[in-house]
Structure formats: structure tokens, C-alpha cells
Amino acid sequence: MANYAVAKLYDLLLYPFLNKIRKKTAKIIIQLNPKSVIDICCGTGNQLEYLKNTDIKLTGIDLSPAMLKVAKHIDCYEQDARDIQFSDNSFDLVMIQLALHEKSFDDQKMIIDEASRITRNNGHLLIVDYEINEKTKPYSRYVINAIEFLAGKEHFKNFKEYHKNECTNKLISNNVFLLEKKVLIAGKSMALQIYRKTNN
Ligand SMILES: C[S@@+](CC[C@H](N)C(=O)[O-])C[C@H]1O[C@@H](n2cnc3c(N)ncnc32)[C@H](O)[C@@H]1O
């Protein structure tokens, strides 16, 4: 993310699109009753804002200082999601929202490995990301494809690869995480998935 002004605009521009998703995600997190939540690639910390009036201990990490500057009211740290500076089994719930699709498969793997390491046994991994397929409403498909195209060559390439690799299917091992719930949202253009970390 280029600078603070762009980071500030990020929430404003995306609010109409993301507000409903953020609310739904927050509701599901609250139902799972975690004591601690980390948002990996938290951006401006906007999803965490929706949980601010709870007792949950909220943490975020992101690589962009500009995005983190907007997230100043929450405990957000500049950290690389591929090499997270928290110890094993530190969080009840680990969340990755709208961040995997824009990364290379190798980076996605590293992030999931780190997410797995810091999730406590029997804790949850919550992923919200695109899942564009024949069920997706045509309008949503066109708009999202346009946004991803405009986000740049590398970003668009990774977005397409993510779908070629069946989104999270090849990324998340059944030996480590069991899928507990999957909800299609945003005109069936996104999947909200909740996994439970096994004791393996
Ligand atoms: C599309 S934004 C999504 C932000 C946020 N999760 C949301 O839902 O609004 C992706 C975020 O990933 C961050 N990011 C990219 N690579 C990262 C890395 N290796 N480690 C941590 N954050 C990273 C970017 O700085 C950006 O804020």
C-alpha cells in the first residue's frame, strides 16, 4: 500500500462493499467465543474495529506501515505474515481476510503454516476470501475481476492462480485443520470458512 492517504481512503471506498461482510464475520467470531483473536494481514484493522466492544483481546499484523497507521486504536504490529513474531499456540482464533488471493502460492503456504503454528490446539482459523465460480452472480464476477485487474499485473496473476489452485482447497491440510463451516457471501463471490485446528 503506497501511502497514508491511500490507506485512509481504503476503508472509505470499500465500506459499502465490505460493511455487511465485516458484520457477518464479527458475528461468527463472537459466537465462537474466543478470548484472543489475531488478524493476519489486517490492513487498516477495520475488521478488528467491529469487535472492539467485546472482551476479546484483539491483535493485528500487517507489512504496510501506512495501513497500520490507520489502525492506531488497536494493537497492530508491523510483521511479515510469513514469519510471525508470536509464539506457538498463542491465539484462540486466527483470521485471514481478503489477503491470500493476492499472494503467490508459496507465500500462501508460508502464511498458512504460520497461522497453524500460532493457533492453539482446538482453536479456529477463519478465512474470508474470493471464490469466484459458476455460482457467483455475474455482476459480482465482473466487478471483482475488474478490481483485481486494476490492482496490477502481479496481483491479477496471483488472483487467477488462486482460483486455478481451487482457492483454499490445496492450501489447507485436512490433517491440521478440519472445515467446520463454509458460508458463501457477497453474491456468492466469497467464501467465509471456519476451520478447527486438530491435535495432530
Ligand atoms: C487486500 S489487503 C486486506 C486487508 C484486510 N485484511 C482487509 O480485509 O481489509 C491485504 C493486506 O495484506 C498486507 N500484506 C501483504 N503482504 C503481507 C505480508 N507478507 N505480511 C503481512 N501483511 C501483508 C498488505 O499490506 C495489505 O494491507
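Here, every reference points to the structure presented above.
Cut-offs and rules
- Residues numbered from 1 in each chain as written.
- Predicted model: local features only at pLDDT ≥ 70, side-chain atom pairs only at ≥ 80, totals over all residues.
- Helix = DSSP H or I, 4+ residues; strand = E, 2+ residues; numbered from the N terminus.
- Buried ≥ 20, exposed ≤ 12 C-beta atoms within 10 Å, placed from the backbone.
- Contact = placed C-beta atoms within 7 Å.
- Near = placed C-beta within 6 Å.
- Nonpolar A, V, L, I, M, F, W, Y, C, P; charged D, E, K, R; others polar.
- Core = buried A, V, L, I, M, F, W, Y, C linked by C-beta atoms within 7 Å.
- Pairing = 2+ DSSP bridges.
- Axes fitted to C-alpha atoms, helices over the stretch in contact; angles between N-to-C directions.
- Expected span 1.5 Å × (residues − 1).

(A) Layout of the overall build of the protein. Across its full length, the protein holds six helices and seven strands. Secondary structure of the protein in N-to-C order comes out as α-β-α-β-α-β-β-α-β-α-α-β-β. Across its three principal directions, the C-alpha atoms of the protein cover 40 × 35 × 30 Å. Counting every position in the protein, which comprises 200 residues, the buried fraction comes to 38%. Across the protein, every contact between residues at least 6 apart in sequence was considered, and the portion connecting residues at least 24 apart equals 67%.

(B) Examining the site of the ligand more closely. As a structural note, the neighbourhood of the ligand is formed by 18 residues, with C41, G43, L63, S64 and A81 the closest of them. Elements with a contribution of two residues or more to the shell around the ligand: α2 (46–49) and β2 (57–62). Of the residues in the shell around the ligand, the class split is nine nonpolar, five polar and four charged.

(C) Examining the nonpolar core more closely. Within the largest apolar cluster, 47 residues are counted, with the highest numbers of intra-cluster contacts made by V37, I40, V94, I96 and A115. When sequence neighbours within four positions are dropped, the list of residues in contact with V37 reads I29, L51, I56, L58, F91, D92, L93 and M95.

(D) A look at the sheet that holds strand β1 (residues 36–40). On the basis of which strands lie adjacent, the open sheet formed by seven strands has the order β3-β2-β1-β4-β5-β7-β6 and mixed pairing. Strand pairing shows two members of the sheet lacking a second neighbour, β3 (75–78) and β6 (177–185), which therefore form its edges. Averaged over all pairs of adjacent strands, the angle between their axes in this sheet comes to 20°, without regard to strand direction. Those strands touched by helix α4 (residues 105–118) are β1, β4 (91–97), β5 (119–130) and β7 (190–197), and its axis lies near 160° from that of β4.

(E) View of helix α6 (residues 153–164). With 12 residues, α6 extends 16 Å between its outermost C-alpha atoms, agreeing within 8% with the 16 Å of an ideal straight helix rising 1.5 Å per residue. Against α5 (138–150) lie the buried residues of α6. Downstream of α6 by a residue or two, E166 has a phi angle that is positive, lying close to 60°.

(F) Seen up close, the pairing of β1. The buried count for β1 comes to four of five residues, which makes it a mostly enclosed element. Relative to β2, β1 runs parallel, the two being bridged by five bridges. Bridging across to β2, V37 finds its partner in L58. One ladder, built from four bridges, connects β1 with β4; its direction is parallel. Along β4, the bridge assignment pairs V37 with L93.

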